[in-house]
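In case you want the letters, here they are:
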Amino acid sequence: MKKIFVILVLIVLSCNTADDISPTPTTGFENQVVSSDFNWISGSESTINVEVLAPAGLNINLEKQQIWVRNQNEEKIAFAILDENNRGQFQLVLPQGNDNYDFYLPTTQESWPVEGIGNQSLQLQDPFEQISTSSRPQKKTIVKTKSIQNNLLGNGDFETPILPANIGYSDHFSTSPVNDGQWRTVNNEFSQTSVNGSTAVVPGNTQNIFWQNISVNPGDTVNFDADYSGEVYFYLWFWDSNLNLLGYTYGPLSFFPNGLEDVAPNNSSMVTALFYFVSYDAPAGDYVDNTFLEITSNFSDADNDGVSDDEDEYPNDPTIAYTSYWPSNGNATIMYEDLWPSKGDYDFNDMVIDVHVTMYHNAQGDWVSADYEVALNAVGAGIDNALAVRYVNTARNPIPNMVTSVTGDAKIDPDVDNGIIIFDRPSDLQSSYYTNTSPNLTATPDVATFTVNFDGSYNSPYILDFYIFRSDNRGHEIHVPGFSGTNMADANLYNTGDDINGTYRTAQGLPWALGVIWNQGTIQIPLEGVDFLNAYPNYGLYISSDASTNTDWYKFPNTNNTLDISSF
């Protein structure tokens, strides 16, 4: 009779088929002890507020300009639109490890490493101070015709004498007139002499800067070129109508054989074409001649959303202009044990999902819609569980309702604000029965694809809370620790079994769900009844170090104890 009772207990407690009753190793997952706030999503999740600081003397206004986060391949993975104070905010969800990410400001082409979380000040360097005089550019001579009709620079060949107009370096040449065809300078330490039969400008024995301003429109392509020899740098500076600097590009023309070229950013009304002689010893043979600036007016905004086509990722759709992603780089895998509030067998294969989300934003950066791809990688449970997701803010609190509709393989959860039910039971998605937890019941994972539409009222950082609940008991929810139950969760289950105060953690801090953000390889599935530490031996080192070592634990499965579903 006792033997029958034990068998019955095992059947009742099982979270899967009869194969799921293998004992957990005594040195296994359930014997681990972690801190009560351990993050069971292996990855880097951070909110970063950035502020772009201008150099002294430069009034730079980057309002409505983009700033990016790029991965190590210099691909844009996230963006923010800067406000009137040159500030923006990112919510980054990234793989954990040594990958390098940087902030990139397209209007100045400067970059800074992404460091930590919280506030980060990005200091723009004074462009003059960025120049290294340790290596001189290659001298070159360009033969140009003097009959170019599109040259917008007055006195571009310097055949008319330059009249010095010293307005002072501190003003950074933004106060000089536009389109008067005159050169301006900060001093008169230069001379005009004949070079190859043409009048040219030759530097003196001090810093030499001279420039001319031309009207420009957002989206115009500006090309700046000249004949020159020696260590002379060329600049294009873009200004708005209030003489706020919007961006710049510069360098020696030896780096730009086709001329220095840039596209005028949003709000541009003026461009400064500027020459800067670096040398202080006026080496013989240095000069500038036959200067040339041409503007190609190619501004186009086909959908009239206020974003030029060259910056608009969707130039023919007025409702969307930009994309971002969740995770910010790579994919997320989330793995569940479903016997909460009682412990399971810690193989974390009762449900395994892969997630990738593409978010669409309008010209103001507001959320418009999101496309989801959710792969049902494994279903090792003997109990039917539904899969759902909801949007919460960075404090893990509900966001005011902004989901308006869902189309595709999901539906709005009528009982949870901004909640979405992906499926009520796995068989609703599966095209054929599989578990992918043993070699005998395998198939290519089915993928739920759906689109979530928003009302455009919210554009702050968000976090996605993927969770499961019993198909026949809506209130029996299981979340990754750190997320609370929804308003539909049965609070009577909190602090029962092995749960501590509805935290979805045991007294040892252990979870019923864990995840990993990854961008290389695949996440293999632990075989049925295999303790997670026997499937991923380095995971024990990862959690015992409080996530400071072995952050790439998922790249080293014990292939004898896992199933590689990528081969299906």
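Residues numbered from 1 in each chain as written. Predicted model: local features only at pLDDT ≥ 70, side-chain atom pairs only at ≥ 80, totals over all residues. Heavy atoms only, no water.

This part takes up the sheet that holds strand β3 (residues 66-70). Taking strand neighbours across the sheet as the criterion, the four strands line up as β4-β3-β6-β7 in an open arrangement whose pairing is antiparallel. Two strands in the sheet have a free side with no partner beyond their single neighbour: β4 (76-81) and β7 (110-113). Recorded for the sheet is a direction-independent mean angle of 25° between the axes of neighbouring strands. Note: strand β6 (residues 102-105) against β7, four bridges, orientation antiparallel. By the bridge assignment for β7, Y104 is matched with S111. (Pairing = 2+ DSSP bridges. Helix = DSSP H or I, 4+ residues; strand = E, 2+ residues; numbered from the N terminus. Axes fitted to C-alpha atoms, helices over the stretch in contact; angles between N-to-C directions.)

Attention now goes to the confidence of the model for the protein chain. Per-residue pLDDT for the protein chain averages 85, and the proportion of residues at 70 or more is 88%. Of all helices and strands in the protein chain, the one with the weakest mean pLDDT is helix α1 (residues 2-13) (32), whereas strand β25 (residues 411-412) scores best (98). Across residues 1-26, where pLDDT falls below 50, the model places 34 contacts with residues more than four positions away in sequence or in other chains. The low-confidence segment residues 166-171 (pLDDT under 50) makes 14 contacts with residues lying over four places distant or belonging to another chain. (pLDDT = per-residue confidence, 0-100. Contact = heavy atoms within 4.5 Å.)

With that out of the way, let us pick up the packing of aromatic side chains. Enumeration over the complete set of coordinates arrives at 48 aromatic pairs. Consider the rings of Y248 and Y250, whose centres lie 6.4 Å apart with planes at 45°: the pair is tilted. Ring centres of F348 and F532 lie 5.6 Å apart, and the angle between their planes is 80°; on these two criteria the pair is classed as edge-to-face. Of this pair, F348 sits in the loop between β20 (331-336) and β21 (351-361) while F532 is found in helix α2 (residues 532-535), placing the two residues 184 residues apart along the sequence. Judged by relative accessible area, F348 falls into the buried class, the value being 0%. Owing to a relative accessible area of 0%, F532 belongs among the buried residues under this scheme. Lying across the ring of Y104, R70 places its NZ or CZ 4.1 Å from the centre. A cation over a ring is seen here: R474 above F469, with NZ or CZ 4.1 Å from the ring centre. (Phe/Tyr/Trp six-rings, centres within 6.5 Å; stacked < 30°, edge-to-face > 60°. Buried < 20%, exposed > 50% of the residue type's maximum accessible area, 1.4 Å probe, protein only. Lys NZ or Arg CZ within 6 Å of the ring centre and 35° of its normal.)

Mapped onto the fold, N487 is located in the loop between β29 (473-479) and β30 (513-518). Judged by its relative accessible area of 57%, N487 is exposed. Setting aside its immediate chain neighbours within four residues, N487 contacts D415 and V416. Polar contacts involving the side chain of N487 include one to the main-chain carbonyl oxygen of D415, which spans 2.8 Å. (Polar contact = N/O pair within 3.5 Å; in protein donor to acceptor, adjacent residues only side chain to side chain.)

A word on the pattern of salt bridges. Evaluation of the coordinates by the stated rule reveals 10 salt bridges. The partner of D102 in a salt bridge is R70, and the shortest N-O contact between them spans 2.9 Å. Note that D102 is positioned in strand β6 and R70 in strand β3, a separation of 32 residues in sequence. Taken as a pair, D102 and R70 share a single burial class, namely buried. Look at the salt bridges and you will find they share partners, linking D413, R474 and E477 into a network. (Salt bridge = Lys/Arg side-chain N within 4 Å of Asp/Glu carboxyl O.)

A separate point is unusual backbone geometry. At the junction of W326 and P327, the peptide bond is cis and its omega measures out at -10° in the coordinates. Among the secondary structure elements, P327 is positioned in the loop between β19 (322-326) and β20. A cis amide bond, omega 10°, links W340 with the succeeding residue P341. Within the secondary structure layout, P341 lies in the loop between β20 and β21. Although it is not a glycine, N290 adopts a positive phi angle of roughly 50°. Here N290 is to be found in strand β18 (residues 287-296). Here the phi dihedral of N418 falls at roughly 55°; this positive angle occurs in a residue that is not glycine.

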